[in-house]
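Residue-level listing of the chains:
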Amino acid sequence: MSQSTLVADRASGKRLSPRLAPDVNPIAWGGLAAAIVATALLGFGEGGRIAALFVVGLALGLVLYHAAFGFTSAWRSFARDGRGRGLRAQMVMMAIAVVLFFPALAAGTLFGIPVHGFVSPVSLSVLVGAFMFGLGMQLGGGCASGTLYTAGGGNARMLITLVFFIVGSVLATVNFDFWTALPGFQPISIVSSFGAPVAIVVSLAVFALIAGATYLVETRRHGALERAEASPRHGLARFTRGPWPLLAGAVLLALLNFATLSLAGRPWGITSGFALWGAKLAGLVGIDASAWTYWQSPSNAAALHQSVFADVTSVMNFGIMLGAFVAAALAGRLAPNFRIPWRSALAAVIGGLLLGYGARIAYGCNIGAYFGGIVSGSLHGWLWAVAAYVGSMLGVRLRPVFFVDERARVAKTA
């Protein structure tokens, strides 16, 4: 059987021509060796819990890359083409996660460790920030998780998005107090308000309604549901080189988020790490971020003065990038293209800034607020989802301004 396979461009969702996936190469072995060494060093330097969370990050990067599990492309496919396979996979992921999360959050402990969810205010800052994030997703070419795993997997354009994601994140901490002072409601948790059983039933019903709506829209528009392409690989070859089924990615992401809860005491998050990196880099050029209100809370102040390797979110982010790097090497896809059209690069800059700024003032990104918030039972997660989707719809309409293939698509359908 041929080893060639159609592989999705993780940044745009565009299908590429078949490429030969070689046997495991020295780069992949080097990445695996780096992962082992980094895990050992973290274990000795920061303890077993941090090392274990780094391993969870590695697994997340591997799953995200091999399953091509994108939030940005899934939302774009539905908004632009009426294709809902990606959204249905997200609902499966959420459904598994709430069944696991809600009883633990209601109990307050998991395997003897205190746990809490991401429950944040339902406020105007969430509405504005999530809208900015959704718009930034489509211009930048990825969400928080998507930016990490595509950049780690060798996408040069997404490195631009990541850099300005970090810049936007730290800029939002400068006037974070302004946004938190805007009108809103106190944090609301349906787990605390109604108990885990009722919260699970209500959440599953909402997930089913969303999945059902995507089914109706897709079948009415296209006559049938989109079918996943068959993989030419099987067994160990498919496991190591991909591609993995989208639903397998959904299940594994839910389980890995639960593993994060059991080790870190809270759900998976990403973008607070970007703000921390930006603040530390600002300190290197003489800008004292500790004077800003955001960094004066006890937890943020401690993170700012400690090593980034003591920060759970940062360590997991490093793991995601290295895991995606290894996955890309195993798949034979490490081929960065540095010839980036200027409009595409500009979109990455604008998108990155919107992603970073929006995530901070909305109390999280597609992982911390959308995935983490909803599986924590927080109503702010649902507000985030609606506002970000509206922003994403605007971003889809603006993409032809920046991307040649999008302009060609519009011209073809005109």
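Residues numbered from 1 in each chain as written. Predicted model: local features only at pLDDT ≥ 70, side-chain atom pairs only at ≥ 80, totals over all residues. Heavy atoms only, no water.

Colleague: Describe in detail the overall build of the protein chain, supporting the description with residues and values.
Modeller: Of the regular secondary structure elements, the protein chain holds 19 helices and six strands. Viewed in the frame of its principal axes, the protein chain has a C-alpha envelope of about 55 × 50 × 45 Å. Expressed as a percentage of its 414 residues, the buried residues of the protein chain come to 52%. The contacts of the protein chain with a sequence gap of at least 6 include a subset with a gap of at least 24, amounting to 79%. Side chains of the protein chain give 28 positive and 12 negative charges; the mean places of these two sets differ by 7 Å. (Helix = DSSP H or I, 4+ residues; strand = E, 2+ residues; numbered from the N terminus. Buried < 20%, exposed > 50% of the residue type's maximum accessible area, 1.4 Å probe, protein only. Contact = heavy atoms within 4.5 Å. Lys, Arg positive; Asp, Glu negative; His and termini not counted. Charge placed at Lys NZ, Arg CZ, Asp CG, Glu CD.)

Colleague: Summarise the state of the cysteines; cite the residues concerned and give the values.
Modeller: All chains considered together, the criterion is met by zero disulfides. Cys-365 provides the cysteine sulfur closest to Cys-143, a residue in no disulfide bond, and the two sulfurs are 7.6 Å apart. (Disulfide = S-S within 2.5 Å.)

Colleague: Explain the packing of aromatic side chains to me, and be specific about the residues and the numbers.
Modeller: Scanning all chains against the criterion turns up 22 aromatic pairs. Ring centres 4.8 Å apart and planes at 70 degrees place the aromatic pair Phe-165 and Phe-274 in the edge-to-face group. Taken as a pair, Phe-165 in helix H7 (residues 156-174) and Phe-274 in helix H13 (residues 271-284) lie far apart in primary sequence, 109 residues in all. As far as the burial class goes, Phe-165 and Phe-274 line up, both buried. Arranged with centres 6.2 Å apart and planes meeting at 80 degrees, the rings of Trp-179 and Tyr-357 form a pair that is edge-to-face. (Phe/Tyr/Trp six-rings, centres within 6.5 Å; stacked < 30°, edge-to-face > 60°.)

Colleague: Let's hear about the confidence of the model for the protein chain: which residues, and what values?
Modeller: Mean pLDDT for the protein chain: 91, with 93% of residues reaching 70 or above. Confidence drops under pLDDT 50 across residues 1-22; counting only partners more than four residues distant or on other chains, this segment forms 56 contacts. (pLDDT = per-residue confidence, 0-100.)

Colleague: Residue-level account of the pattern of salt bridges, with values.
Modeller: For the structure shown, the criterion picks out three salt bridges. Here Arg-80 ties to Asp-81 by a salt bridge, and the two come within 3.2 Å at their closest N and O atoms. With its nearest N and O atoms 2.9 Å apart, the salt bridge here joins Arg-83 to Glu-218. Within this pair, whereas Arg-83 is found in the loop between helix H3 (71-81) and helix H4 (85-107), its partner Glu-218 is found in helix H10 (residues 196-222), the two being separated by 135 residues in sequence. Arg-83 sits in the partly exposed class, given a relative accessible area of 21%. Several salt bridges share partner residues, and in doing so they unite Arg-83, Arg-88 and Glu-218 into one network. (Salt bridge = Lys/Arg side-chain N within 4 Å of Asp/Glu carboxyl O.)

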